[in-house]
Amino acid sequence: MSSIPSPIPVLSPLRMQRHPRVVVVLTVVLLFAGGGLMMHAESQIQVLGLLAAFLVTFAIADRTPLGQEIAAMCGDYGGFANGVAFVCALGLIAVFHGEHYTLLVLATVALFSTACIALNLQLAFAGMANFAGAAFFVLGSYTAAVLTAYSWIPHPLILIVSGLVTGAIGVILLLPVLRTRGHYAALVTIAFGLLLRSLLEVNDTLGGPQGMKIKGFSVFGLDFNRMSSIGSWDVSFYLPYAVLSISIFAVAFTLIRCIERSWIGIALDTVRCDETAASVFGLSIARWKVVAFLIGNAVIGVAGALYGMMNGFVTPNGSGLGDSLLMLSIIVLGGLGNFWGAVVAAMVILVIPEKLQAIQEFRLLIFALLVLAILLFRPSGILPRPTRDLSRFIGPPGADA
Amino acid sequence: MDPGIIVQYLFNGLMLGVIYAMIAVGFSLFFGVLDVIKFSHGDVVTVGAFSSLGAAGLAGGLVTLPPVLALASGIAAAVTIGALVGVIIGRVLVLPLRHAPGVNVLLATLMAGTVLREAIRLGVPNGGNPKPFPALLPGGTIKAGSFSVGIDSVMILVAGLLLVLGTHLLITRTRFGLAIRAVAQDGEVARLSGIDFQAVVLGAFALGSALAAFAGCMLGLYYHEINFNMGVLLGVIGFASAVVGGLGSMLGPIIGGFLFAGVQTLVVVALPISSAYKDVIAFAAIIILIAVFPTGLIAERRSERV
C-alpha cells in the first residue's frame, strides 16, 4: 500500500500534518453535509447519486494513502472529531429547522444509532448476541406509553424509568442462562422477542395490534408537540425532538465510549475473547455479561421511549425478529465495535429504503444478503473497530526488552 | 374429562412431538458434526412445505394425476430441494465460517433464514398470505366412541414415527451413520482414519435438512395451510427441543421434541386461557425449559482441556 504514490500531490501528507484539526473539521463537515443531503433528498436520482458518492468516498478512505491518512488523523483526534460532529449535527438541525420530514428522519437515525451503539456494547465488547434489540426498543416505547397515560412522572424521568424497566427485564431473562456456555442466551433473546410480539398483539390492555397512543414529550411546561417557533424563527415541532435525540445519542456515545476505554472495557474484551483466561485472572464472567446486557438494554429502552413519544404512538409491528435482525445488520455493516460506522450504516439501512421506493419491499432480503457477504468476505465490517492500543501506558513496544 | 377428548389431545401432542423431533434431530446433527447452530433450519421447513405445494400444484395443473402421484412428487420435491438448500447453506456459509466466532455463524445462518423467508414471501405469488395446502391423502375418519381422527392424520403420524425411527437406525447402524458419529466425536481423528470430512458434514446437512423439509410437507398435509414465516416458530421450538434433550446426542432431540409437545399440549388443556395465547405459551415454555435444563436432559459428556 505504501508504495502507491499519493494521487493528489497538492494535499501531500506533509502539508496536512501541519493543520490536523483543520483536516478533521473539513472531513467531518463534508460527511455531515453529505448525510444531511441524503436525509433531505427527494428524487431517486439524488439518492442514488449520493449513495454513489458515499461509496466513492468510502473507497478513497479505505484504499488510497491519502484517505488512510485522513482516517488515521480523525482517529488520533477522536475526541475533537466527536465534538465537531456534535456541532455539525446541531448545524444540520438549524439548517433544516422548518422541514418536518427531514428532522423526523434525523431524529430517527440518531435514536436507532443510539440503540445500535448499545447493541455494540453487548455484541462487540461482551460477545453476547441480543436478538431482541427491536423488542427492547418497542418495550421502551410501551413503558413510556403506559407511564405517560397513567402517571404524573415528569417526562425526563420517564425516559430513565423506561431504561430501567427494559434493563431489568433483560437481566431477568439472562439470569437463568448465565451458568451455561454457548448460545442459550441467543436462543432466549430470540424467544423473548417473539414472545413479546405475540403477547402485545393478543393483549387488549396494551392496545392489541393497534398499539397505544403516547403523549408528546414535555419538560418544564414546554410541550414539544406544540412548539412552532423559537423567538421569531418558525420551526418544526420535530426540532426539539431532533435536538433531544442527538443529545441522548451524545450521552450514550460518551458513556459507552468511556466504558470501552476504562478497565470495564478491557474486562469485557477479555471475557469475550477467552472465558477461561478471563476467569483465571479473577474476572467474573457472569457479572460482566450482566453489566453489558443491563447497560445495553437500558440505553435501548431510553431510545425507544423517546422514539415512541416523538411518533405519538407505538404498535407491536416494529418488535419482530426481522426488525431485531435489521438492527444487528446495522452494527455488522458498520463494523462491530465501531460507533460512527454504526451511524453511517443506520443511515444507509433506515434512509435508503424510505427514499428508494423500489427497494422498500426488498429491504430485508437485500440487507440480509449484504450482511452475509460481509460476514463471509470482510468479517470485521465496513469500518472495522480499531485495535486497542495501550502502548502509551507501558511505553513503546520493545522499550523494556 | 371425557376419555375421547383426552385421547384426542394425546394424538395432537404426538403429532406435534413427531414434527418437533424431526426438526430437532437436524439441529443435533449439525451441532454434532460441526459444533455450530444453524438457525436457518426452521426456514428449511418452510422451503420444504412450499416446494411440495409447488410440485404438487404444478404436477396437478399440467396433467390430471391421481393424488398418490401428486403426493409422491410433492414429497420428492420437498426432500430434494430441502436437502439441496441444506447442503448449499452448509457448503457456502457454515463450512467457511466454522473457525469464526460462534456469534458470526449464528448471525449468518439467521440471515440465511431471513433470505429464504423473504425469497418465499416475494417470490411466490401472493406469498405474504397463508396458502391453502391441497388434501392429497385419502379422507375419511376413524371413530371410537367420542374420539374421531382422520385417516390422513394417522398416516402422517405413522410416516413421521417411521422416519424418526429410520433416522435413528441410520445413525446407529450404518457406515454413513458411523462416519457421522466419528466426525462428531473428533473431526481430526476421523479424517486421519480416512473419512472424507466435508462429504460427511454435507451428508449430515442433507439428511437433517431433508428431514426438516419432510416435516414441512407433513405440516402442510396436517393443517391444510402453510405460511411463509411458520419456520421461525418451528426453528426456535426445534432448537429448544434439541437443547432440552441434549445437543449432540441422537435420542435427546427426539425425547426433547415429545417433551416440548407434551408441555405445550398440557398447558393448553390445563389453563383456562384463550387460544390466542398459544404462541406466547410456547415461547414462555422455551425460556422456562432452557432455564430449568440448561445443558439438556441427556447432558453431553465432555471435559474442557485448557
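All values derive from a computational prediction rather than experimental measurement.

A. Layout of the overall build of chain B. Helices and strands together make up the secondary structure of chain B, namely 11 helices and 4 strands. Computed over its C-alpha atoms, the radius of gyration of chain B comes to 19 Å, within 12% of the 19 Å expected for a compact globule of 306 residues. For chain B, the spread of C-alpha atoms along the principal axes amounts to about 60 × 50 × 35 Å. With 306 residues in all, chain B has 49% of them scored as buried. Across chain B, the fraction of contacts at a sequence separation of at least 24, relative to all contacts at a separation of at least 6, is 75%.

B. Local environment of the overall build of chain A. Each helix and strand counted, chain A has 18 helices and 6 strands in total. A total of 401 residues make up chain A; the buried ones form 44% of that total. Intrachain contacts of chain A at a sequence separation of at least 6 include 77% that bridge at least 24 residues.

C. Structural context of the packing of helix H6 (residues 100-125) of chain A against helix H10 (residues 238-261) of chain A. Residue and element names in this part refer to chain A. Where H6 contacts H10, the two axes come as close as 8 Å, and the packing angle between them is 15 degrees. Between H6 and H10, the interaxial angle falls into the category roughly parallel. The two elements H6 and H10 cross, and the hand of that crossing is left-handed. Class assignment of the residues belonging to the contact of H6 with H10 gives a composition of 21 nonpolar, 4 polar and 1 charged.

D. A look at unusual backbone geometry. If you check the backbone angles, His224 of chain B has positive phi at about 60 degrees while not being a glycine. You can see His224 of chain B is positioned in the loop between helix H8 (197-223) and strand S4 (225-226).

E. View of the interface of chain B and chain A. Contact residues are listed per partner, giving 38 residues for chain B and 37 residues for chain A. A per-element tally of the side of chain B that touches chain A places helix H4 (residues 102-123) of chain B first, with 14 residues. When the residues that make up the side of chain B that touches chain A are grouped by side-chain class, the tally is 32 nonpolar, 4 polar and 2 charged.

F. Representation of helix H1 (residues 3-34) of chain B in the model. Counted at 1.5 Å a residue, the expected span for H1 of chain B with its 32 residues is 46 Å, and the 46 Å between its end C-alpha atoms agrees. In the segment just after H1 of chain B, Asp35 of chain B is the residue with positive phi, at about 60 degrees.

G. Local environment of the environment of Leu34 of chain B. Take Leu34 of chain B: it is sitting in helix H1. Residues Leu34 of chain B and Gly90 of chain B, spaced 56 residues apart in sequence, show a C-alpha to C-alpha distance of 9.9 Å.

H. Structural view of the pairing of strand S2 (residues 141-144) of chain B. All names here are of chain B. Here S2 pairs with strand S3 (residues 147-150) via 4 bridges, running antiparallel. Bridging from a neighbouring strand, Ala144 pairs with Phe147 of S3. Hairpin connection of S2 to S3: 2 residues between the antiparallel strands, including Gly145 at a positive phi of 65 degrees.

I. Helix H2 (residues 20-40) of chain A, seen in detail. Compared with the 30 Å implied by 1.5 Å per residue over 21 residues, the 30 Å span of H2 of chain A between its first and last C-alpha is a close match. Buried positions along H2 of chain A lie against helix H3 (44-63), helix H4 (65-76), helix H5 (78-95), H6 and helix H15 (339-355) of chain A.

J. Up close: the nonpolar core. Formed by 226 residues in total, the largest nonpolar core has its most connected members in Leu306 of chain A together with Met22, Ala213, Phe214 and Ala240 of chain B. Per-element accounting of this core gives the leading share, 18 residues, to H8 of chain B. Leave out the neighbours within four places in its chain, and Met22 of chain B touches Gly160, Leu163, Val164, Leu211, Ala212, Phe214 and Ala215 of chain B.

K. Just the confidence of the model for chain A, in detail. All names here are of chain A. Summing up the model confidence of chain A, the mean pLDDT is 82 and the portion of residues at 70 or higher is 89%. The least confident element of chain A is helix H1 (residues 13-18), whose mean pLDDT is 61; the most confident is helix H13 (residues 285-311), at 92. Taken as a whole, residues 6-10 scores under 50 in pLDDT and shows 7 contacts with residues more than four places along the chain or in a different chain.

L. Examining the packing of H3 of chain A against H4 of chain A more closely. Residue and element names in this part refer to chain A. Relative orientation of the contacting elements H3 and H4 amounts to 85 degrees, with a least axis distance of 5 Å. By the angle between their directions, the pair H3 and H4 is classed as roughly perpendicular. Between H3 and H4, the residues in contact are Ile60, Ala61, Asp62 and Arg63 and Gly67, Ile70 and Ala71, respectively.

M. Quick peek at the environment of Leu175 of chain A. Relative to the helices and strands, Leu175 of chain A is located in the loop between helix H8 (155-174) and helix H9 (184-202). Overall, Leu175 of chain A belongs to the partly exposed group, with 13 C-beta atoms counted inside 10 Å.

N. Main features of the environment of Leu247 of chain B. Along the chain, Leu247 of chain B falls in the loop between helix H9 (230-245) and helix H10 (251-270). Separated by 219 residues in sequence, Leu247 of chain B and Ser28 of chain B place their C-alpha atoms 5.2 Å apart.

O. Structural detail: the confidence of the model for chain B. Residue and element names in this part refer to chain B. Here chain B averages 83 in pLDDT, and 92% of its residues register 70 or above. The spread of mean pLDDT over the elements of chain B runs between S2, the lowest at 76, and H8, the highest at 91. Complex prediction metrics read pTM 0.85 and ipTM 0.84.

Each value, and the rule that gives it
- Residues numbered from 1 in each chain as written.
- Chains lettered and ligands numbered in written order.
- Predicted model: local features only at pLDDT ≥ 70, side-chain atom pairs only at ≥ 80, totals over all residues.
- Helix = DSSP H or I, 4+ residues; strand = E, 2+ residues; numbered from the N terminus.
- Rg over C-alpha atoms; globule rule 2.2 N^0.38 Å.
- Buried ≥ 20, exposed ≤ 12 C-beta atoms within 10 Å, placed from the backbone.
- Contact = placed C-beta atoms within 7 Å.
- Axes fitted to C-alpha atoms, helices over the stretch in contact; angles between N-to-C directions.
- Parallel < 35°, antiparallel > 145°, perpendicular 65-115°, else oblique.
- Left-handed = near helix turned anticlockwise from the far one by under 90°.
- Nonpolar A, V, L, I, M, F, W, Y, C, P; charged D, E, K, R; others polar.
- Expected span 1.5 Å × (residues − 1).
- Pairing = 2+ DSSP bridges.
- Core = buried A, V, L, I, M, F, W, Y, C linked by C-beta atoms within 7 Å.
- pLDDT = per-residue confidence, 0-100.

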